[in-house]
Amino acid sequence: MASWESIDDPYWEVRRAVAERISQDRRAAGLAPVELDLLASQVADAHCQEMAGHRYLSHWNLRGLLSYHRYHLASGRDHVQENSSRLTIISTNPFPISAEPPEILSQLLRVQESFMAEKPPVDLHRKNILDLGHTHVGIGFAVVGGEFTATQLFVNRYVRLKELPETLPIGAIRLEGEILRKGYGPYYCMLFYEGWPHPRTPEELNLTYAYSDTEGKESGKVPPWEMQYDARGRFRFSVPVKNFGSGYYHLLLWVRGNVRLIPYQLTPGKSYQVNTAEAIPCAGWIFRT
């Protein structure tokens, strides 16, 4: 993948400075820092441009796609979670918000400060920033007239999946991949039927709030004892598919630390329970049928 240095981005230092501020806030909470990610920043930029241009703020876009849909369609395969913000200035000046890098940096740092200042129970942005599972972040923004939009697209990068088809397979999905981080292993996998996305107007989008990427009908699932995992960090298993008709199907994979405690083999007479609250969502795939 091309590095930021190999493309002409006048905001490279801005994005890096914001990613470092996010990392500082994570370190203060005892968490690992995040790395700036190119693809996630590009996906975030595109969403910000649409939001600013159409004067709305939402995790959905005009086509009805959420962040994980947009990231996947841009070739991303990791799990992502999004924070977004919007500033509107009413002025006789047609360009009341400067797009110069120092001013953009100031705006983006203000957004980060406002997210971190949130208090429970209305602190979803802060919780997202301080999520244990994040490894990377994309920094996106847009200025259109008096509209400034900003997006932090957090990435959980723990596995590398073998490419899958765009169309939902019949009967079962054969999933193969490798773990990228020592000490982790595949833990649980689910397939959700979402149907087709519903386009929305800017007015409708401004009424939306939080989202979940585990919604939809359960179309298949695989617990760890139905997975094959070896000492080299490679895994493979099949996800049974229940076809509910045309639309989007979202495959979501979780990993967990303390890999030696993951029950890849069952012991007779012992009971097992899967709890994704102890795991990290780390990869996804969007199928269409």
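Residues numbered from 1 in each chain as written. Predicted model: local features only at pLDDT ≥ 70, side-chain atom pairs only at ≥ 80, totals over all residues. Heavy atoms only, no water.

**Topic: the overall build of the chain**
Item 1. From N to C terminus, the chain includes six helices and twelve strands.
Item 2. Here the C-alpha atoms of the chain give a radius of gyration of 20 Å, agreeing with the 19 Å that 2.2 N^0.38 yields for 289 residues.
Item 3. On the principal axes, the C-alpha backbone points of the chain span a range of 75 × 45 × 40 Å.
Item 4. Within the span of the chain, comprising 289 residues, buried residues form 48% of the whole.
Item 5. Across the chain, contacts joining residues at least 24 apart in sequence account for 76% of those joining residues at least 6 apart.
Item 6. Carbon and sulfur atoms provide 51% of the accessible area of the chain, an area that totals close to 14,500 Å². (Helix = DSSP H or I, 4+ residues; strand = E, 2+ residues; numbered from the N terminus. Rg over C-alpha atoms; globule rule 2.2 N^0.38 Å. Buried < 20%, exposed > 50% of the residue type's maximum accessible area, 1.4 Å probe, protein only. Contact = heavy atoms within 4.5 Å. Areas by Shrake-Rupley, 256 points an atom, 1.4 Å probe, with all protein chains shown as cover.)

**Quick look at the nonpolar core**
The tendency in soluble globular proteins is for nonpolar side chains to be buried as a group.
Item 1. Membership of the largest hydrophobic core comes to 36 residues, with the highest contact counts inside it found for Val159, Cys189, Leu191, Phe237, Leu251, Leu253 and Phe287.
Item 2. When residues of this core are traced back to their parent elements, those giving at least two are strand E5 (159-161), strand E6 (172-179), strand E7 (185-195), strand E10 (234-240), strand E11 (248-256) and strand E12 (280-288).
Item 3. The dominant element in this core, judged by the number of residues it contributes, is E7, at seven residues.
Item 4. Among residues more than four places away in sequence, those in contact with Leu253 are Val159, Leu161, Pro186, Tyr188, Cys189, Met227, Phe235, Phe237, Ile280, Pro281, Cys282 and Ala283.
Item 5. Counting residues in hydrophobic clusters, the runner-up holds 23 residues, among them Ala19, Leu31, Ile97 and Leu108. (Core = buried A, V, L, I, M, F, W, Y, C linked by side-chain atoms within 4.5 Å.)

**Some details on the side chain of Glu118**
Item 1. Mapped onto the elements, Glu118 comes out in the loop between helix H4 (101-116) and helix H5 (124-129).
Item 2. It is Arg126 that comes nearest to the buried, bridge-free Glu118 among opposite-charge side chains, at 7.2 Å. (Lys, Arg positive; Asp, Glu negative; His and termini not counted. Salt bridge = Lys/Arg side-chain N within 4 Å of Asp/Glu carboxyl O.)

**A look at the pattern of salt bridges**
Item 1. A complete count under the given rule lists 16 salt bridges for this structure.
Item 2. Note that Glu20 and Arg27 form a salt bridge whose closest N and O atoms lie 3.0 Å from each other.
Item 3. For Glu20, a relative accessible area of 33% translates into the label partly exposed.
Item 4. Classification of Arg27 as partly exposed rests on a relative accessible area of 43%.
Item 5. Put simply, Asp9, Arg15 and Asp45 are held in one network by salt bridges that share partners.

**Concerning the pairing of E6**
Item 1. The pairing of E5 with E6 spans three bridges and is classified as antiparallel. Residue pairing for E6: Leu161 is matched across the bridge by Gly177.
Item 2. Taken together, the seven bridges between E6 and E10 define a ladder with antiparallel strand orientation. Note that in E10 the partner of Glu178 across the bridge is Arg234. (Pairing = 2+ DSSP bridges.)

**Things to note about the sheet that holds E6**
Item 1. Within the open sheet, the four strands sit side by side as E5-E6-E10-E9. Their pairing is antiparallel. Strands at the two margins of the open sheet, each flanked by one partner only, are E5 and strand E9 (228-229).

**Concerning the side chain of Ser23**
Item 1. The topology assignment puts Ser23 in helix H1 (residues 12-28).
Item 2. On the basis of relative accessibility, which here comes to 2%, the residue Ser23 falls in the buried class.
Item 3. Excluding its chain neighbours within four sequence positions, the residues that come into contact with Ser23 are Pro33 and Val34.

**Re H1**
Item 1. In a regular helix each residue adds 1.5 Å, so 17 residues correspond to 24 Å; H1 covers 24 Å between its end C-alpha atoms and thus fits that length.
Item 2. All of the buried residues in H1 are Trp12, Val14, Arg15, Val18, Ala19, Ile22, Ser23 and Arg26.
Item 3. Next to the buried residues of H1 lie strand E1 (35-36), helix H2 (38-54), H4, H5, strand E3 (136-144) and strand E4 (147-156).
Item 4. Looking one or two residues beyond H1, the residue adopting positive phi is Gly30, at roughly 80°. (Expected span 1.5 Å × (residues − 1).)

**Description of the sheet that holds E7**
Item 1. Here four strands make up an open sheet; going across it, the order is E8-E7-E11-E12 and the pairing antiparallel. Whereas interior strands pair on both sides, the edge strands pair on one side only; in this sheet they are strand E8 (217-222) and E12. For this sheet, the mean angle separating the axes of adjacent strands, direction not counted, is 20°. (Axes fitted to C-alpha atoms, helices over the stretch in contact; angles between N-to-C directions.)

**With respect to the packing of H1 against H4**
Item 1. Closest axis-to-axis distance for the H1/H4 pair is 9 Å, and the angle between their directions is 20°. When the axis of H1 is compared with that of H4, the two are roughly parallel. Here H1 runs over H4; the crossing is right-handed. Each of Val14, Ala17, Val18, Arg21, Ile22 and Asp25 in H1 lies in contact with H4, whose residues at this interface are Pro101, Ile104, Leu105, Leu108, Leu109, Gln112, Glu113 and Met116. (Parallel < 35°, antiparallel > 145°, perpendicular 65-115°, else oblique. Left-handed = near helix turned anticlockwise from the far one by under 90°.)

**Quick word on the pairing of E10**
Item 1. What you see with E10 is a clean split: Phe235, Phe237 and Val239 sit on the buried side and Arg234, Arg236, Ser238 and Pro240 on the side with no burial.
Item 2. Sheet topology note: the E9/E10 ladder contains two bridges and is antiparallel. Looking across to E10, one finds that Tyr229 is bridged to Phe235.
Item 3. In sequence, E9 turns back onto E10 through a hairpin of four residues, with Gly233 there showing a positive phi of about 85°.

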